[in-house]
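What follows is the residue order along each chain.
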10 protein chains.
Amino acid sequence: MLFHVRMDVNIPADMPADVANEIKAREKAYSQELQRSGKWRHIWRVVGEYANYSIFDVESNAELHDILAALPLFPYMKITVTPLCRHPSSVRDNDA
Amino acid sequence: MLFHVRMDVNIPADMPADVANEIKAREKAYSQELQRSGKWRHIWRVVGEYANYSIFDVESNAELHDILAALPLFPYMKITVTPLCRHPSSVRDNDA
Amino acid sequence: MLFHVRMDVNIPADMPADVANEIKAREKAYSQELQRSGKWRHIWRVVGEYANYSIFDVESNAELHDILAALPLFPYMKITVTPLCRHPSSVRDNDA
Amino acid sequence: MLFHVRMDVNIPADMPADVANEIKAREKAYSQELQRSGKWRHIWRVVGEYANYSIFDVESNAELHDILAALPLFPYMKITVTPLCRHPSSVRDNDA
Amino acid sequence: MLFHVRMDVNIPADMPADVANEIKAREKAYSQELQRSGKWRHIWRVVGEYANYSIFDVESNAELHDILAALPLFPYMKITVTPLCRHPSSVRDNDA
Amino acid sequence: MLFHVRMDVNIPADMPADVANEIKAREKAYSQELQRSGKWRHIWRVVGEYANYSIFDVESNAELHDILAALPLFPYMKITVTPLCRHPSSVRDNDA
Amino acid sequence: MLFHVRMDVNIPADMPADVANEIKAREKAYSQELQRSGKWRHIWRVVGEYANYSIFDVESNAELHDILAALPLFPYMKITVTPLCRHPSSVRDNDA
Amino acid sequence: MLFHVRMDVNIPADMPADVANEIKAREKAYSQELQRSGKWRHIWRVVGEYANYSIFDVESNAELHDILAALPLFPYMKITVTPLCRHPSSVRDNDA
Amino acid sequence: MLFHVRMDVNIPADMPADVANEIKAREKAYSQELQRSGKWRHIWRVVGEYANYSIFDVESNAELHDILAALPLFPYMKITVTPLCRHPSSVRDNDA
Amino acid sequence: MLFHVRMDVNIPADMPADVANEIKAREKAYSQELQRSGKWRHIWRVVGEYANYSIFDVESNAELHDILAALPLFPYMKITVTPLCRHPSSVRDNDA
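Residues numbered from 1 in each chain as written. Chains lettered and ligands numbered in written order. Predicted model: local features only at pLDDT ≥ 70, side-chain atom pairs only at ≥ 80, totals over all residues. Heavy atoms only, no water.

As annotated in an unreviewed UniProt entry, chain A is Muconolactone Delta-isomerase from Paraburkholderia lycopersici. Its UniProt record gives chain A the following Catalytic activity (unreviewed entry) comment, quoted word for word: "(S)-muconolactone = (4,5-dihydro-5-oxofuran-2-yl)-acetate". Quoted verbatim from the Sequence similarities (unreviewed entry) heading of the UniProt record, the comment on chain A is "Belongs to the muconolactone Delta-isomerase family." (UniProt positions renumbered as here; feature names shortened; annotations may be inferred.)

Novice: Can you walk me through helix α1 (residues 17-37) of chain D in this structure?
Specialist: Quick reminder: α-helices carry 3.6 residues per turn. Residues three or four places apart thus point the same way. Residue and element names in this part refer to chain D. Taking 1.5 Å per residue as the helical rise, α1 with its 21 residues ought to reach 30 Å, and the 30 Å between its terminal C-alpha atoms agrees with that figure. Looking at the buried residues of α1, the elements they touch are β2 (40-46), α2 (61-69) and β4 (77-86). Of the residues trailing α1, Gly38 is marked for its positive phi of about 90°. (Helix = DSSP H or I, 4+ residues; strand = E, 2+ residues; numbered from the N terminus. Expected span 1.5 Å × (residues − 1). Contact = heavy atoms within 4.5 Å.)

Novice: How do you make sense of the arrangement of the chains when you look at a structure like this?
Specialist: As for chain H relative to chain A, no contact occurs, and the smallest C-alpha gap between them is 16 Å. Chain B shows no contact with chain H. Their nearest C-alpha atoms sit 26 Å apart.

Novice: I'm lost on the UniProt feature "domain: Muconolactone isomerase" (unreviewed entry) in chain A in this one. Help?
Specialist: Per the UniProt annotation, the sites labelled "domain: Muconolactone isomerase" (unreviewed entry) are residues 1-89 of chain A. Span residues 1-89 of chain A is 34% helix and 36% strand, its end C-alpha atoms 18 Å apart.

Novice: Explanation requested: a negative patch on the surface in the structure shown.
Specialist: Side chains of Asp14 of chain A, Asp14 of chain D, Asp14 of chain F, Asp14 of chain H together with Asp14 of chain J sit close together on the surface and give a patch of like negative charge. Within the secondary structure, Asp14 of chain D sits in the loop between β1 (2-9) and α1. (Patch = residues over 30% accessible without salt bridge, like charges linked within 9 Å, V, L, I, M, F, W, Y side chains within 5 Å. Areas by Shrake-Rupley, 256 points an atom, 1.4 Å probe, with all protein chains shown as cover. Salt bridge = Lys/Arg side-chain N within 4 Å of Asp/Glu carboxyl O. Lys, Arg positive; Asp, Glu negative; His and termini not counted. Charge placed at Lys NZ, Arg CZ, Asp CG, Glu CD.)

Novice: What is the right way to read the interface of chain A and chain C from this model?
Specialist: A common way to express how large an interface is: the accessible area buried when the components associate. Listed by partner, the interface residues are 12 residues for chain A and 12 residues for chain C. Both sides of the chain A and chain C interface together cover about 790 Å² of buried area, and 74% of this is carbon and sulfur. Across the chain A-chain C interface, the total number found is zero salt bridges. Counting across the chain A and chain C interface gives four residue pairs in polar contact (both at pLDDT 80 or more). (Buried area = accessible area lost by both parts, 1.4 Å probe. Polar contact = N/O pair within 3.5 Å; in protein donor to acceptor, adjacent residues only side chain to side chain.)

Novice: Help me understand the interface of chain A and chain B in this model?
Specialist: Taken together, the contact pairs 29 residues of chain A with 29 residues of chain B. Of the roughly 2,800 Å² buried between chain A and chain B on both sides combined, carbon and sulfur atoms contribute 61%. Seen at the junction of chain A and chain B, the total is zero salt bridges. On inspection of chain A and its partner chain B, the count reaches 19 residue pairs in polar contact (both at pLDDT 80 or more). Contributing elements (two or more residues each) for the side of chain A that touches chain B: β1 (2-9), α1 (17-37), β2 (40-46), β3 (51-57) and β4 (77-86) of chain A. Residue contributions to the side of chain A that touches chain B peak at six residues, all from β2 of chain A. By residue class, the composition of the side of chain A that touches chain B is 12 nonpolar, 10 polar and seven charged. Alignment of β2 of chain A against strand β4 (residues 77-86) of chain B, held across three bridges, turns out to be antiparallel. Among the inter-strand pairings, Trp44 of chain A is bridged to a residue of β4 of chain B, identified as Arg86 of chain B. (Nonpolar A, V, L, I, M, F, W, Y, C, P; charged D, E, K, R; others polar. Pairing = 2+ DSSP bridges.)

Set out below in structure tokens:
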């Protein structure tokens, strides 16, 4: 089951660089683990912004929330979730 | 080169059903041809709305505009285009 | 799996009254059938507006879209879907 | 008498963790007490956000305000209240 | 129990003048009857707009919805309802 | 001459409690004095928000600005003013 | 007493040209009469838009509403009124 | 050449009072000098807000930007500029 | 003197194709004449939208308004004008 | 390939002046180097705002993101990117 997610990151200006870097390193590792598992299907950078569009493939709303709430950057992000389903014109069987 | 596109369809209430159906049939054929060519990578239905999120893979801004402006439903859609690039955390080489 | 849905109805001013009434009658029957099946858990009128807040309990995003797109009033509604999950403070086991 | 309430929580980044945890623990206890009393009928987490949708069942506007203003997290929340009433298509007698 | 209501009127440009006048006459009579009964406490014109701010004093959300939905201009208005309660600084006992 | 005013209060999280309390006490006294004088006709709490809707009855725009700018909470409020006049359907002679 | 007013004109596309021209001619005559009387102090065209910013000098809110509601283009305009008062830095005695 | 300018002032809550007062004193002197020169034609206080509407009469866009960027309060203001021209209904030759 | 202009075109769905085409042909000729004269410095299509961003180089606000109001598509466009001036980092002497 | 970019700068009020100046000096040098290379075709100041409209000419979305993310002021800016293409009415061959 697919979900479209936009994440806008806003790290406080007064966070020390090493703290920020450590959080970002954990975020990257966590994201890549989820991508490899197939849960986080796509992640793209929005050009010119500290933001991404992502596609998640999960079993339930609850699983998606647990994944997102566990993001190391979660306290510093505005997240918007939109449920998706197969488009009747799609030629791809797995885009649903 | 990837672009994120949202399309919201708004067909006038007074368009005769057969005219609407003919336009939608052409839209579907056109969309599927572009999907098979690889230009229109993904199309998902937004749940509960006559709208889609799509990912296009084109050579240039101009190619994307030509594709979108040729959509049979183009006069009846609000389209929003966002340029994408590879996310530094992405594990997929072709998501760029 | 629960979803929060807001529906705002906007019937064109020039729709004949008997056409509108027939659509509304079908909408009501369809809604009540879904409520009795347990898919449409709650529906409340927003005071002063031709709008409702509803809670749906479905198996998947696709099922929800199919239900909503089949609403007789679907062409005349703006629908906004928000995925829900169990709140950690909830005392109700079935509110998830 | 039912009310639809959305709460968005925004705890200041510089609040010490133990202070935040103590407030959240009181919030949870207070919420569960109100849920058990029947005043706070439903609470759902919005997927991906530190926010909830809730349904309250109270005697009056004043009772609702007193309940909300006493929330331990009240100073850190944006709250939006919408009055509800029974929908004419509802099959549930107590959804009013 | 008090509610703050804003009504914005938007009569279609192609409604015949006599039809519009007949609706407005019924609206005025209905409004004045409710004002005299004490249900519709105040109505003020917003300067420069075809809109009003009103204060209603009703027993319940349902009563307010029934009153508003029965307005002859209801199909041509955007209505926004905000529940009110007594302000702790108010010196008026009946402003609640 | 009547004006509709909405005030949203936003006291900085780091203001010491005794400072805040002293400002609020002065605000309350000032508000009640103006209510008793007839200048501040009504004040209602917006349910669930640290906000009020008020009706002022003043001689001029300038008098209203002087009253509002002298509010002890003025530096911590967002204020929106809307000029009102008698509604042609009003049955109250003094609602103008 | 001064008010800042923005007017956005939106004449329906299907209004016959001679009807529109007759309304505009009356609007112009009415506006110029009010300007000469001193009630309508200023009127400026917003560059690139069918809109104006104006300054009115009236005795009361009610007088302003009567003037605006009598504009021949009133049914085709969106009007926004903002009350003004003398700025403490102003060097002009009559700008109040 | 005339421009309509709205300025919303937002001085940080933690700026020492004497610093703020010194900036405001310079702002006032600077504003009055420009008013006397004819460049800053009008300045009005928006009732209830720390904001003003102003009319500037300058030779060019560049001159206006230089004037605004030199305001002592410039770093603490949100400024919106709208170019104006003579309205065809205006009876004042110099309102252009 | 430079201005940034955004134009969004919205031709009514019921305008006959030959009428629309005739207007567009005149629009194109008019635009190209202004481009060749140097008044209309740039015009770019916004990808995926019936809209453009343009840069105008004119003597005054009034000249710009006269140019825009004479566009054959003017009645069918939403236009937003933003005054520009030379950026202190610009290396181009004529970008002002 | 051209892109329209708006940048709004918001430097924190508590950044020391010398730090801010050093960042701005690097920003200017970087911008001018990109302008001379032809990548950053135009930059204009928005009158009255700490903001600019710019036109970039790059090979790809990725190149644009790399350029923007490397701006010394990037952490303090809100950036909005809009892809452009040649307008069919344009008389300039290189505006694409």
